[in-house]
Amino acid sequence: MIEFRAVSKRFDDGTVAVDDLDLVVEAGTITVFVGPSGCGKTTSLRMINRMLDPTSGTVLVDGRDVLQVDPPRLRRGIGYVIQQAGLFPHRTVLDNVATVPLLSGWSKRDARARAAELLELVGLDGDMGRRYPVQLSGGQQQRVGVARALAADPPVLLMDEPFSAVDPVVREGLQDELLRLHAELGKTVVFVTHDIDEAVRIGEKVAVFRQGGVLAQYDRPAELLARPADDFVASFVGKDRGYRGLSFVDPAGIEVRGGATTRLGEPVSPSREWLLALDADERPRGWLPPGTSADGPLTEDLLVPGGSLYERGTAVRGALDSALSSPSGLGVVVEPTGRYAGVLRGAQVLDVIDRERAERG
Amino acid sequence: MFADLGKYLGNAGTRAQIADHLVEHVYLSLLPIVFAVLLAVPLGWACHRYRPLRGALIGVANVVYTVPSLALFVIIPAVAGTQILWPGNVIIALTVYTTALLIRPVAEALDAVPDHVVAAATAMGYRPLPRFLTVELPLAVPVLAAGVRVGSVSNISLVSVGAIIGSGGLGVLFTDGFSRRYLAPILVGIVLTLALALVVDLLLVALRRALTPWTRAQGVSVA
Ligand SMILES: Nc1ncnc2c1ncn2[C@@H]1O[C@H](COP(=O)(O)OP(=O)(O)O)[C@@H](O)[C@H]1O
Ligand SMILES: [Mg+2]
């Protein structure tokens, strides 16, 4: 557990970076600090591992005032990942990852063996270990950064905008990986970002900071989107927060119905409704518009591309999007394996949302 | 002329003397490099760390560098209180020169180590001295090595000047040749000085390559 008690930080030039912060990060959770640039997120994070010390107030890690602990010793028990990865350019990837075990007194051999395990854990090839950081892509460098931070198995992991410099597709992959790692390892993670989407995606709790280092709201993501504490938070979480809040609505109430389907390779007979075309593996391939006729069997070039697919059981946001993006107005539902499961209507999703709201009161 | 050279080198005693001068030349020119690196690293670090000190130290270094070598050889005994003909004077003088030459590049190389790399090292739990020795200094080696190469070549040529104040080294062959109006020792001195400079430079390049394998990894198969 990490606790900030009335913590303030004023720099020598008079800048107040953090103003009277009270906040508890529960052990084993991912907590995100989010807010516009310059609002004191990095400063708050760095007071946990004593890269900075508070001007007033107390930071406790596992009930212990961090000021009582020798900083290098404290830091070896707290993993730290930064935006540029900060890998040591003159050391191989393997030796980068072995850094903290070596500092903690492990033998070179044990440290390297551990480093190899961690490269595997973050999804990197063993061969990568022999490379130097310049020989890796940005996304790979970040993975190495995460592996290095985890090498000595610290109970706490601090991450300062770790994925901000990689492109959006890679970023999403890294976020998923982090969630998987977290589920597997159960670390206490404090994650800093300026991106509210990233914050609600990975945070179990999210602390929104505003200029001047003031904590504006500290809540679960669903609450943040549904009930922003003030105008600042409302505008920071964005205009489409209602839509994004659907990520947190329970999808159990959505009833999946059978739809009208056809198959690739079957004869085409004109129909009054849209037909969903499946392939031999029961996977949706696209929609056949009403009234389409053709002499031969059904081929892909007669189809209109489908919208997004909704995987059964995942967040309601995807269900609504599948309906909205579908040419037929029917959202296509698939099993986790990718096989066709049925269809849904946008109105059904809205009903589920209304019911949930009524239950919450 | 070749006959002269043959006659000069034909004498075993002369050859032994030349070998002695060569050995002397090596340590008179290279010991200062070692001392200068040992001095320039902490001084360069101080310039990198404490901005106000930087102007002062680099200013002094620049002034020192403009003092003619012969003058320095003569000033050192006066300042250090050593015997004027003691060979150590040359070592001290060249150490001062080489240190002056290396301070600025060392400071700049340390400046060039990215802040986020240093911050990451701190966050990993390095104490300041190990962090400096194993992270910051190794990253400054390419720049330091370039300075050392310049310094070693310049020292090898400056040691010859020291012969005028009797410090030994291959310069003795020049003073000897001039005083006897005899070309052979001068030729031998020139050839050996050049050869020494070349060999030392090649060794330094090899050393730098051995210390900085990562600088050659650039751009290999970015996947
Ligand atoms: N070393 C420093 N000296 C003076 N001001 C600083 C220093 N570090 C950060 N600040 C200021 O403190 C405020 C908060 O900075 P920071 O914690 O880095 O914000 P964030 O990470 O949220 O972008 C900013 O106004 C920044 O300019
Ligand atoms: Mg920041």
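Scroll up for the structure.
In this report, the structure presented in the accompanying data block is examined. (Residues numbered from 1 in each chain as written. Chains lettered and ligands numbered in written order. Predicted model: local features only at pLDDT ≥ 70, side-chain atom pairs only at ≥ 80, totals over all residues. Heavy atoms only, no water.)

**A look at the sheet that holds strand E8 (residues 188-193) of chain A**
Residues and elements named next belong to chain A. Spatially, E6-E7-E8-E3-E9-E10 is the arrangement adopted by the six strands of the open sheet, whose pairing is mixed. Only two strands of the sheet have a single neighbouring strand rather than two, namely strand E6 (78-82) and strand E10 (214-219). Put simply, the sheet's adjacent strands are angled 15° from each other on average, direction ignored. Where E6 and strand E7 (residues 156-160) come together, five bridges link them in parallel fashion. The partner of Ile82 across the bridge, within E7, is Asp160. Relative to the sheet, helix H6 (residues 138-150) contacts E6 and E7, its axis offset from that of E6 by approximately 165°. (Pairing = 2+ DSSP bridges. Helix = DSSP H or I, 4+ residues; strand = E, 2+ residues; numbered from the N terminus. Axes fitted to C-alpha atoms, helices over the stretch in contact; angles between N-to-C directions. Contact = heavy atoms within 4.5 Å.)

**Points about the pattern of salt bridges**
All names here are of chain A. All chains considered together, the criterion is met by 27 salt bridges over all chains. Of the charged contacts, one joins Arg171 and Asp195 as a salt bridge, the two residues approaching to 3.8 Å between their closest N and O atoms. With Arg171 in helix H7 (residues 168-185) and Asp195 in the loop between E8 and helix H8 (196-202), the pair connects residues that are 24 residues apart, well separated along the chain. Here Asp195 falls in the partly exposed class, since its relative accessible area comes to 22%. For Arg285, the salt bridge identified is with Asp279, shortest N-O distance 4.0 Å. Accessibility expressed as a relative area gives 38% for Arg285, which makes it partly exposed. (Salt bridge = Lys/Arg side-chain N within 4 Å of Asp/Glu carboxyl O. Buried < 20%, exposed > 50% of the residue type's maximum accessible area, 1.4 Å probe, protein only.)

**What to know about the site of ligand 1**
Residues and elements named next belong to chain A. Close to ligand 1 lie Phe11, Asp13, Thr15, Ala17, Ser37, Gly38, Cys39, Gly40, Lys41, Thr42 and Thr43. At 2.7 Å, a side-chain N or O of Thr42 approaches an oxygen atom of ligand 1. Here an oxygen atom of ligand 1 sits 2.5 Å away from a polar atom, N or O, in the side chain of Thr43. Within the complex, 61% of the 560 Å² of free accessible area of ligand 1 lies under protein. Here the shell around ligand 1 takes three residues from helix H1 (residues 41-46), the largest share from any one element. By residue class, the composition of the shell around ligand 1 is three nonpolar, six polar and two charged. (Near = heavy atom within 4 Å. Polar contact = N/O pair within 3.5 Å; in protein donor to acceptor, adjacent residues only side chain to side chain. Areas by Shrake-Rupley, 256 points an atom, 1.4 Å probe, with all protein chains shown as cover. Nonpolar A, V, L, I, M, F, W, Y, C, P; charged D, E, K, R; others polar.)

**Description of the packing of aromatic side chains**
The tally for this structure, following the rule as stated, stands at nine aromatic pairs over all chains. Ring plane angle 75° and centroid distance 6.3 Å describe the contact between Phe88 of chain A and Tyr126 of chain B, whose orientation is recorded as edge-to-face. Of this pair, Phe88 of chain A sits in the loop between E6 and helix H3 (93-97) while Tyr126 of chain B sits in the loop between helix H6 (115-124) and helix H7 (128-162), each in a different chain. Given a relative accessible area of 8%, Tyr126 of chain B falls into the buried group. Ring plane angle 90° and centroid distance 5.7 Å describe the contact between Tyr8 of chain B and Tyr182 of chain B, whose orientation is recorded as edge-to-face. On the criterion of sequence distance, the pair formed by Tyr8 of chain B in helix H1 (residues 2-10) and Tyr182 of chain B in the loop between helix H8 (171-180) and helix H9 (183-211) is long-range, its members being 174 residues apart. Per residue, the accessibility class of Tyr8 of chain B equals that of Tyr182 of chain B, and both read buried. (Phe/Tyr/Trp six-rings, centres within 6.5 Å; stacked < 30°, edge-to-face > 60°.)

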